[in-house]
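Structural description and commentary
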Number of protein chains: 6
Amino acid sequence: MAISNTEKAEVLTQALPYIQKYRDKIIVVKYGGGAMVTKAHQRSVMGDIVLLNQIGIRVVLVHGGGPEINETLQRMRIQPKFQNGLRVTDAETMDVVQMVLSGKVNKELVNLIGGAGGSAIGLSGLDGRMVEAKPLSAELGYVGEVTKVNVKPILDLLDAGYIPVLSSVGCDKKGSVYNINADTVAARIAGELKAMCLVSMTDTKGILRDPKDDATLISEVNVSEASHLIRDGIISGGMIPKVECCVEAIRRGVGRVFIIDGRVPHAILIEALSDEGIGTMFF
Amino acid sequence: MAISNTEKAEVLTQALPYIQKYRDKIIVVKYGGGAMVTKAHQRSVMGDIVLLNQIGIRVVLVHGGGPEINETLQRMRIQPKFQNGLRVTDAETMDVVQMVLSGKVNKELVNLIGGAGGSAIGLSGLDGRMVEAKPLSAELGYVGEVTKVNVKPILDLLDAGYIPVLSSVGCDKKGSVYNINADTVAARIAGELKAMCLVSMTDTKGILRDPKDDATLISEVNVSEASHLIRDGIISGGMIPKVECCVEAIRRGVGRVFIIDGRVPHAILIEALSDEGIGTMFF
Amino acid sequence: MAISNTEKAEVLTQALPYIQKYRDKIIVVKYGGGAMVTKAHQRSVMGDIVLLNQIGIRVVLVHGGGPEINETLQRMRIQPKFQNGLRVTDAETMDVVQMVLSGKVNKELVNLIGGAGGSAIGLSGLDGRMVEAKPLSAELGYVGEVTKVNVKPILDLLDAGYIPVLSSVGCDKKGSVYNINADTVAARIAGELKAMCLVSMTDTKGILRDPKDDATLISEVNVSEASHLIRDGIISGGMIPKVECCVEAIRRGVGRVFIIDGRVPHAILIEALSDEGIGTMFF
Amino acid sequence: MAISNTEKAEVLTQALPYIQKYRDKIIVVKYGGGAMVTKAHQRSVMGDIVLLNQIGIRVVLVHGGGPEINETLQRMRIQPKFQNGLRVTDAETMDVVQMVLSGKVNKELVNLIGGAGGSAIGLSGLDGRMVEAKPLSAELGYVGEVTKVNVKPILDLLDAGYIPVLSSVGCDKKGSVYNINADTVAARIAGELKAMCLVSMTDTKGILRDPKDDATLISEVNVSEASHLIRDGIISGGMIPKVECCVEAIRRGVGRVFIIDGRVPHAILIEALSDEGIGTMFF
Amino acid sequence: MAISNTEKAEVLTQALPYIQKYRDKIIVVKYGGGAMVTKAHQRSVMGDIVLLNQIGIRVVLVHGGGPEINETLQRMRIQPKFQNGLRVTDAETMDVVQMVLSGKVNKELVNLIGGAGGSAIGLSGLDGRMVEAKPLSAELGYVGEVTKVNVKPILDLLDAGYIPVLSSVGCDKKGSVYNINADTVAARIAGELKAMCLVSMTDTKGILRDPKDDATLISEVNVSEASHLIRDGIISGGMIPKVECCVEAIRRGVGRVFIIDGRVPHAILIEALSDEGIGTMFF
Amino acid sequence: MAISNTEKAEVLTQALPYIQKYRDKIIVVKYGGGAMVTKAHQRSVMGDIVLLNQIGIRVVLVHGGGPEINETLQRMRIQPKFQNGLRVTDAETMDVVQMVLSGKVNKELVNLIGGAGGSAIGLSGLDGRMVEAKPLSAELGYVGEVTKVNVKPILDLLDAGYIPVLSSVGCDKKGSVYNINADTVAARIAGELKAMCLVSMTDTKGILRDPKDDATLISEVNVSEASHLIRDGIISGGMIPKVECCVEAIRRGVGRVFIIDGRVPHAILIEALSDEGIGTMFF
């Protein structure tokens, strides 16, 4: 490798204070379906998470899994229906969502973490009744809105040294199960944990003033400015609910929220351990 | 209710020493697919488990789920294949097994425990790499044989007050996933935990000398006699591997193993908390 | 025994939540001289107390012992004197009271608990200066009124796993010893301990509207109603100070107070562990 | 006071290392009936014990009470009988012994300790089944011989900061109560506690070569020499069993045993905290 | 030794309550250069400190060392300069002060404590940045005034069982080192530690109304009176800043401050452990 | 900075496992007088030590200080004498050695660590009697040889979060003080601590086959080969005792010993946190 010892020392003297700063602190990583580009990429991301965990950072992973759900629904010849970008979820569909998210995607991430030398426990919002929900609207069926989160199981697992991996499913008091947007779950969990930061791994560079020009990346957004950016159309479309989750997380006590391009190799290591930020930071 | 105070006192003075004896001790309950007769019955069994947990018994639940797997395979038009009573499992089938066991049956039991006032965490053998496996035979595909169990996650969860619910899936060091017989998993887990007892909830009365006559129930079997009972044909068919698991569990340090008729209401309460045994006890 | 498994399950499912509810909670039992009918009965009551202790309830026993005191005074040819139902206690009599209560009755109960498999430590109000007193009135001599209670020794013994057994004797700051009414001591101790409940084992059914008709038992009394019942003559005679102790205990933070017929076999088990109340409950 | 500062400093520099040496160590004091000369003297001895306790020594007091027993038996017109210097104890006498030792003498010492600012808990060998016994001989009735001691309650009370005060009564497994020699109980308890020392407060100067001449005091006896002293008649009469208890205590692991003249004011302070020994030391 | 047992008992019964009272409490001893009369005297004082430590008192030693500094400056041909009784300290002098105080006097005291059986750790105000300072005045050079004290290292060492020995040197945030008056450091450290008492070992009897007549010693001074005593000239000269430190210490939460004649043998033992005070007490 | 994100990620993914491996482990760093090239360099080295400490490595610093000692001796017109490369140390010289090492060099390093954000406690071998010594030979005066090391104070300080900084001075049981070779002290301390590694910062590249050619650096030496390298003359001169200390350290349980060129910037960071070794490793 062509990196000189002086350069190494530079990287290390820059990284070590971050390592100390994050020691024993909680970072919630939201790993969206769109950023799960290949199996190799998933393996690399899980490797980064294990590294962060090994130096004493308490990492919590919240994941989505849209593409996998669609594929299974198709195999079972159930036609997915969407309304305003949200999946309409009848009982039969919910059964599949639950199976795919908690039984397939979740366990595969757990398995990859195990393969990278970490120890993960896969959870859904039903485990320990962590995520309580109610219907988001009558028309959407079993699409849920979070009413309450209980992070005790996550804290217990962190204390025992595990990496909790959470699928975005919840239930109401009667036991009905709901499909919930993973950004929302990650924001609420991070808020309740008073996480030091929430890193949302997406398939975009961050917030761009001109979506066609990466050089127009806005690197920092104070949450008080977010509504202006929406009003001015700089934040638009599917990015709006994402940003609203970021704002919500900060309001509930998360230190910093980052929207980063999860497809970039080792994006999370660079973000966490160097002075140079990538993506957009909300504070 | 027609039970007199004197009778109540009798039941209680009989039960209290058992309650003391089991306090803080581990009981592994294997809940087989055959004993999951109705949703109402499942709810009742989970209620009993919560009661036992509430009086300080550390309950671990291991479950199967054959019927549900078959149903989903059918829905996905995958034809189940069996060889010597064991499901032949190709990669596609394994995917379904994993989804149904860990994503559906497991989470439903977790959900019912939550509804009964308990707090459960659903696990597979992949979580915390708890169950390591290898192929049972070349022909059976992803049917696994247990090579190693790691019960630390179960102990951590018990210490934190949860009821661990485990689906019978494992993986090898490379991350390949295997479907494993739930009796075997329960026996190995119980052995490693040095459980006070393992209760196998099945769809039979126990070991009967004459299978057509319930009155011929053998209430106690010393593990040293088990092979004679097999040789003499008293234990036969599908009961043979079940009994071998019982013997294995005792050999690995479990105090007592019970095969009981899980379809009987509150069977597990009666078995645990009264002088009167039901089913067959191995010691 | 003619109790069916279904009936057993009923008793148990009813009892288990109480067992959980009382776990690690404090129950003060006042065992009055009148309820100490026979040695066999004492042994049975101590057996019940050991059972409750074994399932994790922190039991404190406060006892009286009037009949035994009278008998010994007689043997020593000291004529007992009473004034308004309270024993007039000169120095010589006090010496005998102290010896009989703390040296005989107390140690016999301790001995019976030991015989039933429990571990008790017998105490008087002098030990650890737990009960401080002053003369109730000039005429009654060494009959005391509680001025202060110190429950640290009781808590220390409970924490170390013992059943504290307390005789109702106290002393003032100069070391003079006083005979105190056991109901009062039990109420004050229970109040200071913020006990979950105080169970007073007496020789009556509880509060009866018509003392000749057991069917007129009042099963619940709100402490705010007690004075009306006294005014209306429903509570009268020796029951008045007893009820005043119950009211006092509730006011000082005890959850529930029960006056039960201690002569009924296993009365305390039925009261504590079933839905069916016996006697009168104050709340 | 005529003691100069230099003399004070001498006493203190001599005492402080002993104070450090005894800190957190156990001293068992046997306070015999013969040394309980007056109430004022008892108060002074209990004051010394409280001082020792306050500087961190874990003091255990074992007491006798012969004179008080005789007096009460007399009052109750029960004629005391002796055989070979041991009281013959029928059931009626045992009742009185128990009442006087555990209900009167014990509680008076507890009360004096309380008055001196300490916190004592009075115990008999029945409490926590600490002293198990069997009949010493058929003729002596309820005179017991120690078969087993259980010092857990004493250790629990020491840990909680109390001074345990123990009367020399024990019981057998069936609950029969026995009167036991206090020297024996003290020796066995000290041995089981591996006490740093056992101090026996008696009414003699120690072992004298010539009983009429205090100047012939033997200040140290190696336990291996004790039998010679008995054979040679230097130790004789009632001193023989006392010395045998000393030897027994050393054999069971007590560091040092002292026979001192308990009637001398502050004898125990001088013995414990100065270079100058009084009485006879066994090692 | 001519001290009778009765006199010993008197000294001990007087001392023991003080020993209890001081157990686990902090005493700060300021040992001034003037009181370090001979090596033998230093050994005796360190011996007393070890004795106090051995009976459970948490002793902190703060020392000066003027005479030794002067001697070394002389050897190095650096002329000491004084201004208003305070040493003018240039960089070269400061280097010597630091070396002598922290490298010589400090380590000799540590060594003497080790020789007396104690375990000391020598510290300066630089260690753990315990004493932060700024220049007292422009003219005095590196003579410092305390701006902040951090006693965590002292508490950590006390908790681990050591005797901390502190030289009166501090530094500012940039790392410049300052020579600080030892009385001031002792007073600030004692105040921050909320010490039970501060004992200042000096070369005077205490505050005398008539400096020529020891019989006019003022044994107690309420801090509110100190300014009157200064105004009236009774406290004057070098005693003024000393007394101001005493007042400061009391104001910052120290229980009692004593100015004693450190040249008297065992002065500190007499002061701490007898009713008789020597020197002047501020409260 | 011209380091790309990919390169940063490479450095980090390489470093993180080392960081985990060293977490909570002990590294002893020996900082020799020869490597203390400038004040700025000392500041940089102390900065590296603080960084290592901040990521959870328990760093112990042992230092020499020959040049500073010589300079002060000169100032005090004491002529340094050497015999076989070891300083002959009379009482007067020893006084200076002690003052310079423990009062000057030690406190300056402590001060620099404080300035870099760490918290150090400066110690000599006298503190807590950590280093016991005896004369190395009659002719050398107060030059000592280690007879015993007591690392409890170092462990206590590490547990409390401090960086212990130790000067190489010791004493014998009588309190005579000795100057000891810093390599020896570091090796013995590291051995007693069972340190994970000992890093000796010197003014050479390591062991060179040809001392004039840096390319002939021997990067690894098994301790069993060291004597051959000495015999063959590859290790010679002042390097021989250094290497003997390395061998001694490994024999006493240190995991790895490194001789590195302490003059290279950040040498210790590169050595500890990258795959690339610099200098010579003994194992």
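Residues numbered from 1 in each chain as written. Chains lettered and ligands numbered in written order. Predicted model: local features only at pLDDT ≥ 70, side-chain atom pairs only at ≥ 80, totals over all residues. Heavy atoms only, no water.

1. Here we look at the relation of the copies chain B and chain C
When chain B is fitted to chain C, the residual RMSD is 0.1 Å, and the transformation amounts to a turn of 180 degrees plus an axial shift of 0.0 Å. The relationship between the two copies is best expressed as a two-fold rotation axis. The fraction of interface residues of chain B whose copies in chain C are also interface residues reaches 100%, indicating that both copies meet through the same surface. (Least-squares fit on C-alpha atoms with pLDDT ≥ 70 in both. Contact = heavy atoms within 4.5 Å.)

2. As for the relation of the copies chain B and chain A
Overlaying chain B with chain A gives an RMSD of 0.1 Å, the required rotation being 180 degrees about an axis along which the chain moves by 0.0 Å. The residues that chain B uses at the interface reappear at the interface of chain A in 100% of cases, marking a shared surface.

3. Regarding the packing of helix H3 (residues 66-75) of chain D against helix H4 (residues 91-115) of chain D
Residues and elements named next belong to chain D. H4 packs onto H3 with a crossing angle of 130 degrees between their chain directions and a minimal axis gap of 9 Å. Taken together, H3 and H4 sit at an angle that is classed as oblique. H3 and H4 meet at a crossing whose hand is right-handed. Of the residues in H4, those in contact with Glu68, Ile69, Thr72 and Leu73 of H3 are Thr93, Val96, Val97, Val100, Leu101, Lys104, Val105 and Glu108. Across the contact of H3 with H4, the residue classes break down as seven nonpolar, two polar and three charged. (Axes fitted to C-alpha atoms, helices over the stretch in contact; angles between N-to-C directions. Helix = DSSP H or I, 4+ residues; strand = E, 2+ residues; numbered from the N terminus. Parallel < 35°, antiparallel > 145°, perpendicular 65-115°, else oblique. Left-handed = near helix turned anticlockwise from the far one by under 90°. Nonpolar A, V, L, I, M, F, W, Y, C, P; charged D, E, K, R; others polar.)

4. Observations concerning the interface of chain B and chain C
At the junction of the two partners, chain B supplies 28 residues and chain C supplies 28 residues. Here chain B packs against chain C, burying approximately 2900 Å² in sum over the two surfaces, 72% of which is carbon and sulfur. Broken down residue by residue, the surface that chain B buries against chain C is led by Val11, Leu12 and Leu16 of chain B, which jointly contribute 20%. Across the chain B-chain C interface, the total number found is zero salt bridges. Remark: the boundary between chain B and chain C carries two residue pairs in polar contact (both at pLDDT 80 or more). Taken together, the elements giving at least two residues each to the side of chain B that touches chain C come down to helix H1 (5-22), helix H2 (39-54) and helix H9 (267-273) of chain B. (Buried area = accessible area lost by both parts, 1.4 Å probe. Salt bridge = Lys/Arg side-chain N within 4 Å of Asp/Glu carboxyl O. Polar contact = N/O pair within 3.5 Å; in protein donor to acceptor, adjacent residues only side chain to side chain.)

5. What about the arrangement of the chains?
A gap remains between chain A and chain E, which never touch, and the nearest two C-alpha atoms on either side lie 19 Å apart. Chain D shows no contact with chain F. Their nearest C-alpha atoms sit 19 Å apart.

6. Some details on the nonpolar core
In this structure, Leu273 of chain A, Leu273 of chain B, Leu273 of chain C, Leu273 of chain D, Leu273 of chain E together with Leu273 of chain F are the most contacted members of the largest nonpolar core, which totals 354 residues. With sequence-adjacent residues up to four places away left out, Leu273 of chain E is seen in contact with Leu12 and Leu16 of chain D together with Gln14, Ala15, Tyr18, Ile19, Leu52 and Ile55 of chain E. (Core = buried A, V, L, I, M, F, W, Y, C linked by side-chain atoms within 4.5 Å. Buried < 20%, exposed > 50% of the residue type's maximum accessible area, 1.4 Å probe, protein only.)

7. Observations concerning the side chain of Asn106 of chain E
Residues and elements named next belong to chain E. Along the chain, Asn106 turns up in helix H4 (residues 91-115). By relative accessible area, which is 0% here, Asn106 ends up buried. At 3.3 Å, the side chain of Asn106 and the backbone oxygen of Leu123 are in polar contact.

8. Section: the sheet that holds strand S13 (residues 256-261) of chain C
Residue and element names in this part refer to chain C. Strand order in this open sheet of eight strands is S5-S8-S2-S1-S11-S13-S14-S12, and the pairing throughout is mixed. Sheet topology places strand S5 (120-123) and strand S12 (220-221) at the edges, where each strand pairs with a single neighbour. Here S12 runs beside strand S14 (residues 280-282); their pairing, made up of two bridges, is parallel. Bridge assignment links Glu220 to a residue of S14, and that residue is Met281. Its contacts with the sheet put helix H4 (residues 91-115) on strand S1 (26-31), strand S2 (58-63), S5 and strand S8 (163-167), and the angle it makes with S8 is roughly 155 degrees. Of the strands in this sheet, S1, strand S11 (197-202), S13 and S14 are in contact with helix H8 (residues 239-251), which crosses S13 at around 150 degrees. (Pairing = 2+ DSSP bridges.)

9. Considerations on the sheet that holds strand S1 (residues 26-31) of chain A
Residues and elements named next belong to chain A. Read from one edge of the open sheet, eight strands run S5-S8-S2-S1-S11-S13-S14-S12, paired in mixed fashion. Two strands in the sheet have a free side with no partner beyond their single neighbour: strand S5 (120-123) and strand S12 (220-221). Examined bridge by bridge, strand S2 (residues 58-63) and strand S8 (residues 163-167) share three bridges and lie parallel to one another. Within S8, the position partnered with His63 by the bridge is Ser167. Strands S1, strand S11 (197-202), strand S13 (256-261) and strand S14 (280-282) of the sheet are contacted by helix H8 (residues 239-251), whose axis makes an angle of about 150 degrees with S13.

10. Examining the layout of surface pockets
Residues and elements named next belong to chain A. Looking at the largest pocket, its volume works out to about 1400 Å³. Around the largest pocket, the lining comprises 50 residues; the ones closest to its centre are Asn181, Ala182, Asp183, Pro241 and Lys242. Those elements that place two or more of their residues in the lining of the largest pocket are helix H3 (66-75), strand S4 (86-88), strand S7 (144-149), helix H6 (182-192), S11 and H8. The biggest single contributor to the lining of the largest pocket is H8, with six residues. (1 Å grid on protein atoms, 1.4 Å probe; cavity = no way out; pocket = protein on both sides within 12 Å on 5 of 7 lines; lining within 4 Å. Points joined across faces, edges and corners; volume = space filled by probe spheres on them.)

11. Description of the state of the cysteines
The full count for this structure, using the stated rule, is zero disulfides over all chains. Lacking any disulfide linkage, Cys245 of chain A is separated from the closest cysteine sulfur, that of Cys246 of chain A, by 7.0 Å. (Disulfide = S-S within 2.5 Å.)

12. Description of the pairing of strand S11 (residues 197-202) of chain B
Counting buried positions along S11 of chain B yields six of six residues, so the element is predominantly enclosed. Burial of the side chains of S11 of chain B extends over both faces: Cys197, Val199 and Met201 of chain B are buried on one face and Leu198, Ser200 and Thr202 of chain B on the other.

13. Structural notes on helix H8 (residues 239-251) of chain E
Residue and element names in this part refer to chain E. In this model H8 runs 18 Å from its N-terminal to its C-terminal C-alpha over 13 residues, within 8% of the 18 Å that 1.5 Å per residue would give. Residues of H8 that are buried include every one of Met239, Lys242, Val243, Cys245, Cys246, Val247, Ala249 and Ile250, and no others. Buried-residue contacts for H8 involve strand S1 (26-31), helix H6 (182-192), strand S11 (197-202), helix H7 (226-231), strand S13 (256-261) and strand S14 (280-282). Positive phi appears at Gly253, one or two residues downstream of H8, with a value of about 110 degrees. (Expected span 1.5 Å × (residues − 1).)

14. Observations concerning the interface of chain B and chain A
Every contact between the two is made by 37 residues of chain B and, on the other side, 37 residues of chain A. Between chain B and chain A, the buried area comes to about 3000 Å², and carbon and sulfur atoms account for 53% of it. Linking chain B to chain A there are six salt bridges. With a shortest N-O distance of 2.7 Å, Lys107 of chain A and Asp127 of chain B are connected by a salt bridge. Taken together, the connections running from chain B to chain A amount to 20 residue pairs in polar contact (both at pLDDT 80 or more). Here the side of chain B that touches chain A takes 13 residues from helix H4 (residues 91-115) of chain B, the largest share from any one element. Split into classes, the residues belonging to the side of chain B that touches chain A amount to 15 nonpolar, 12 polar and 10 charged.

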